[in-house]
Amino acid sequence: MANNILEMALERLERDFPPSSLSAWFDDATVVSFADNRLILHSPVQFKKEFIEHKFIEPLQNALYELTGDQTTVVVVTGEYTMPSTSSSPYDDYTFERFIVGSSNKFAHAAALAVSQRPAAENNPLFIYGNSGLGKTHLMYAIANVLRRTHPEYRIIYVKGEDFTNELITAIQEGNVQAFRNKYRMVDLLLLDDVQFIAGKERTQEEFFHTFNALYEAKKQIVLTSDRPPKEINTLENRMKTRFEWGLLADIQPPDFETRIAIIRDKAIKMGVDLPDDVSNYIAENIQANIRQLEGAVKKIKAMHELMGERITISLAENAIDALRTENPGLNPTPERIMEEVANYFYIPVEQMISQNRSKDVAYPRQMAMYMIRQELEYSFPDIAKIFKRDHTTVMHACNKIEEERKGSRETEDVIKKLHNNIRGE
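Some details on the overall build of the protein
Alright, step 1. Counting its regular elements, the protein contains 19 helices and nine strands.
Alright, step 2. Taken over C-alpha atoms, the radius of gyration comes to 22 Å for the protein, in line with the 22 Å a tight globule of 426 residues would show.
Alright, step 3. Dimensions of the protein, computed from the C-alpha atoms along their principal axes, are close to 65 × 60 × 45 Å.
Alright, step 4. By the burial criterion, 50% of the 426 residues in the protein qualify as buried.
Alright, step 5. Once local pairs closer than 6 in sequence are excluded, the contacts in the protein between residues at least 24 apart make up 72%.
Alright, step 6. When the accessible surface of the protein is summed, it comes to about 20,200 Å², and 48% of that surface belongs to carbon and sulfur atoms.
Alright, step 7. A gap of 4 Å separates the mean positions of the 51 positive and 63 negative side-chain charges of the protein.

So, the nonpolar core
Soluble, globular proteins show a tendency: their nonpolar side chains are buried together.
Alright, step 1. Core analysis: the largest hydrophobic core is formed by 27 residues, its most contacted members being Val342, Met353, Met368, Met372 and Phe388.
Alright, step 2. Mapped onto this core, the elements with two or more residues apiece are α15 (335–346), α16 (360–377), α17 (381–388), α18 (392–408) and α19 (410–423).
Alright, step 3. Tallying contributions element by element places α16 first for this core, with seven residues.
Alright, step 4. Contact partners of methionine 368, with chain neighbours within four places excluded, come to Val342, Phe346, Ile402, Thr412, Val415, Ile416 and Leu419.
Alright, step 5. Counting 26 residues, the second-largest nonpolar core is a separate cluster that includes Tyr91, Ala142, Ile143 and Ile252.

Let's talk about α19
Alright, step 1. For α19, spanning 14 residues, the distance from its first C-alpha to its last is 20 Å, which sits close to the expected 20 Å at 1.5 Å a residue.
Alright, step 2. Of all the residues in α19, the buried ones are Thr412, Val415, Ile416, Lys418, Leu419, Asn421, Asn422 and Ile423.
Alright, step 3. Elements in contact with the buried residues of α19: α15, α16 and α18.
Alright, step 4. The opening residue of α19, the one whose side-chain oxygen lies 3.3 Å from the backbone nitrogen of glutamate 411, is serine 409.

Some details on the environment of glutamine 288
Alright, step 1. Examined against the element boundaries, glutamine 288 turns out to sit in the loop between α12 (277–286) and α13 (291–308).
Alright, step 2. With 23 residues separating them along the chain, glutamine 288 and arginine 311 place their C-alpha atoms 24 Å apart.
Alright, step 3. In this structure, glutamine 288 is in contact with Pro254, Pro255 and Arg260, ignoring residues within four places of it in sequence.

A short note on the confidence of the model for the protein
Alright, step 1. Across the protein, the average pLDDT comes to 85, with 93% of residues at or above 70.
Alright, step 2. No element of the protein has a lower mean pLDDT than strand β4 (residues 81–82), at 56, and none a higher one than strand β5 (residues 126–129), at 95.
Alright, step 3. This stretch, residues 84–90, has a pLDDT under 50; its non-local contacts, to residues over four places away or in other chains, come to 17 contacts.

Some points on the sheet that holds strand β3 (residues 73–77)
Backbone-to-backbone hydrogen bonds pair the strands of a sheet. The strands run either parallel or antiparallel.
Alright, step 1. In spatial order, the strands read β1-β2-β3; together these three strands make up an open sheet with mixed pairing. Looking at which strands have only one partner, the edges of the open sheet turn out to be β1 (30–35) and β3. When strand polarity is set aside, the average angle formed by the axes of neighbouring strands in this sheet is 20°.
Alright, step 2. By the bridge criterion, five bridges tie β1 to strand β2 (residues 38–42) in an arrangement that is antiparallel. Residue pairing across strands places alanine 35 opposite arginine 38, the latter belonging to β2.

Let's talk about the pattern of salt bridges
Alright, step 1. Overall, the coordinates contain 22 salt bridges when judged by the stated rule.
Alright, step 2. We note a salt bridge from aspartate 27 to lysine 48, for which the minimum N-O separation is 2.9 Å. Here the residue aspartate 27 occupies a position in the loop between α2 (19–26) and β1, and lysine 48 occupies one in helix α3 (residues 46–55), the gap between them amounting to 21 residues.
Alright, step 3. Exposure remark for lysine 48: the relative accessible area of 10% places this residue in the buried category.
Alright, step 4. A single network of salt bridges, built from pairs that share partners, joins Arg181, Arg185, Arg203 and Glu207.

Side note on the pairing of β3
Alright, step 1. Residues of β3 alternate between two faces, with Val74 and Val76 buried on one and Thr73, Val75 and Val77 left unburied on the opposite face.
Alright, step 2. Across five bridges, the pairing between β2 and β3 is parallel. Across the sheet, the residue bridging to leucine 41 is valine 76, located in β3.

About the criteria used
Residues numbered from 1 in each chain as written. Predicted model: local features only at pLDDT ≥ 70, side-chain atom pairs only at ≥ 80, totals over all residues. Heavy atoms only, no water. Helix = DSSP H or I, 4+ residues; strand = E, 2+ residues; numbered from the N terminus. Rg over C-alpha atoms; globule rule 2.2 N^0.38 Å. Buried < 20%, exposed > 50% of the residue type's maximum accessible area, 1.4 Å probe, protein only. Contact = heavy atoms within 4.5 Å. Areas by Shrake-Rupley, 256 points an atom, 1.4 Å probe, with all protein chains shown as cover. Lys, Arg positive; Asp, Glu negative; His and termini not counted. Charge placed at Lys NZ, Arg CZ, Asp CG, Glu CD. Core = buried A, V, L, I, M, F, W, Y, C linked by side-chain atoms within 4.5 Å. Expected span 1.5 Å × (residues − 1). Polar contact = N/O pair within 3.5 Å; in protein donor to acceptor, adjacent residues only side chain to side chain. pLDDT = per-residue confidence, 0-100. Pairing = 2+ DSSP bridges. Axes fitted to C-alpha atoms, helices over the stretch in contact; angles between N-to-C directions. Salt bridge = Lys/Arg side-chain N within 4 Å of Asp/Glu carboxyl O.

If you want it as structure tokens, here you go:
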């Protein structure tokens, strides 16, 4: 029940909160433990933790009372999470056995499995890259779960790149940098998720550079994930790129049709949903690039079937996917979302997009944002010009420049493809 309790509680909260709001705040929350009338949730981002505590603690506790008949205390934790050497945790759900293998991910799966069997051997570090929602974090947890069983003495830490940076900032402010260093340099397995977020941050890169060296020289396993390979992380220091390439690089691509079908069926079985083959096929044909969206579609179909009493048909699936597109802003992007994703990709503040800053570090991302708005939304040049407070001829020049660059550069084509996937949440 521990693994499903959060999902069941959130279903009850949909009576009082929009599903899109619940998804935004709980999409990456997991149950650390549920015992003795105490539910501990892990939210990897500090501001999400604080908002959940402010807005959702009491409603969650009321929902849990409806489900269990007991008064339950909800506690939210964040930051790095030290994997327990014993007892169960939500990470038990993320095993190699539960990872659906297909042509798009079989190499990354094999590489992760090899690391779990021979840690700190030839595949150190293991660097897994690919777009969001394809299973990178699942493979990280799977490695940790194997090593928890085979090496119960191991100290294992999982942390997101953004949280690593925030923790370092706190350590600097409080004068505890040495304790920060000791924590990360005394582990047997370090799992750093979304390493791209330390790029462009000089002090963070400096600290992680020395942490990496200390662990590598001590023959401790390092596993990293990113949305792109090291050489494409523009503001990552060259010495970091070199070290990340010392071990093994493994990419994960969007799943092919057969793998999507397998994932859909697996999710349906776990949720107790009997999906007809034509409905599974419809989902697989209409959601192609993101495993989380496949799971979301099955979950939405289940909810509509149970709450509305409708048969599970293609018509119901169509309505469910349409609802997902309404709830997920990534499926219906706005100029603001596009600007934000481009700014994140190039590691600049989004405000710089409409500033008068003409430096190359800002001008090129601005031109790319103009181009992506034109491509994704088919806005006119004058409409785009109003957004950026420029003349429409400036927008024309930017779009023509990027288009010409795209035709002659595979690298630019790859950047545009990644931005498209990020914008669409794929």
